[in-house]
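One-letter residues, chain by chain:
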Amino acid sequence: MATSGHQGDVMRWDDLSEQPCSMARSLAVLGDRWTLLILRDCFLRIRRFEDFQASLGIARRVLTERLDKLVGEGVLARVPYQQRPLRHDYRLTDKGRDLYPVILSLVHWGDRYYDDGRGPPMLHRHLACGHDFRSVLTCSECGEELRPQDVQPHPGPGLEKPARKPARRSA
């Protein structure tokens with residue numbers, strides 16, 4: 001699954017918005033393309049260094065840095081699959097798998113706004129029901145779809161509370 005314009009070419013930042021991949025087009029707008037594209041490939045079941053490199057057209061040094069960072073952050077685990085020479089798979093950890101809604105939301109956002117009128121380049125089928133779907137954010141409590149106008153943020157327990165001033169005593 002090569003995503004660069006020509007096989008063997010290194011993908012340039014300017015090329016991302018023209019790739020036939022919703023994630024790549026979304027990342028051209030939203031941020032660090034390599035890290036999130038590596039994660040996209042992880043969810044497409046790519047696990048080996050050479051396969052990431054072939055899929056992404058990414059420089060070895062850049063790929064090594066991004067994979068090392070993801071392993072260091074506990075998003076991926078480096079698992080040996082060969083001893084001589086030592087080679088590793090990169091597998092999503094629980095922390096990494098928890099990124100699935102984020103990645104899928106970016107993909108579907110890209111499907112909606114960056115498909116150039118051709119439709120999504122890849123569909124997602126829910127195996128349990130057999131239907132293709134779009135990601136929808138829902139309330140964990142009532143199951144309703146969440147829209148920005150239906151949500152009110154408020155301080156949670158992790159928000160730092162200001163120190164209380166001692167009560168003034170009257171003389």
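Since the model is a prediction, treat every value here as computed from it, not as a measurement.

K.L.:
Just give me the short version of the packing of aromatic side chains, but keep the residues and values in it.
P.N.:
If you walk through the whole model with that rule in mind, you get 4 aromatic pairs. On the numbers, 5.0 Å between centres and 55° between planes, the contact of Phe43 with Tyr100 is tilted. In this pair, Phe43 is assigned in helix 2 (residues 33–43) and Tyr100 in helix 6 (residues 100–113), connecting sequence segments 57 residues apart. Measuring from centroid to centroid gives 5.9 Å for Trp109 and Tyr113, while their planes differ by 50°, and the two rings are tilted. One end of the pair, Trp109, and the other, Tyr113, are both in helix 6, 4 residues apart, so they sit about a helical turn from each other. For Trp109, a relative accessible area of 29% gives the class partly exposed. By relative accessible area, Tyr113 is classed as partly exposed at 48%. We note Arg48 situated over the ring of Tyr81; from NZ or CZ to the ring centre the distance is 3.6 Å.

What counts as what
Residues numbered from 1 in each chain as written. Predicted model: local features only at pLDDT ≥ 70, side-chain atom pairs only at ≥ 80, totals over all residues. Heavy atoms only, no water. Phe/Tyr/Trp six-rings, centres within 6.5 Å; stacked < 30°, edge-to-face > 60°. Helix = DSSP H or I, 4+ residues; strand = E, 2+ residues; numbered from the N terminus. Buried < 20%, exposed > 50% of the residue type's maximum accessible area, 1.4 Å probe, protein only. Lys NZ or Arg CZ within 6 Å of the ring centre and 35° of its normal.

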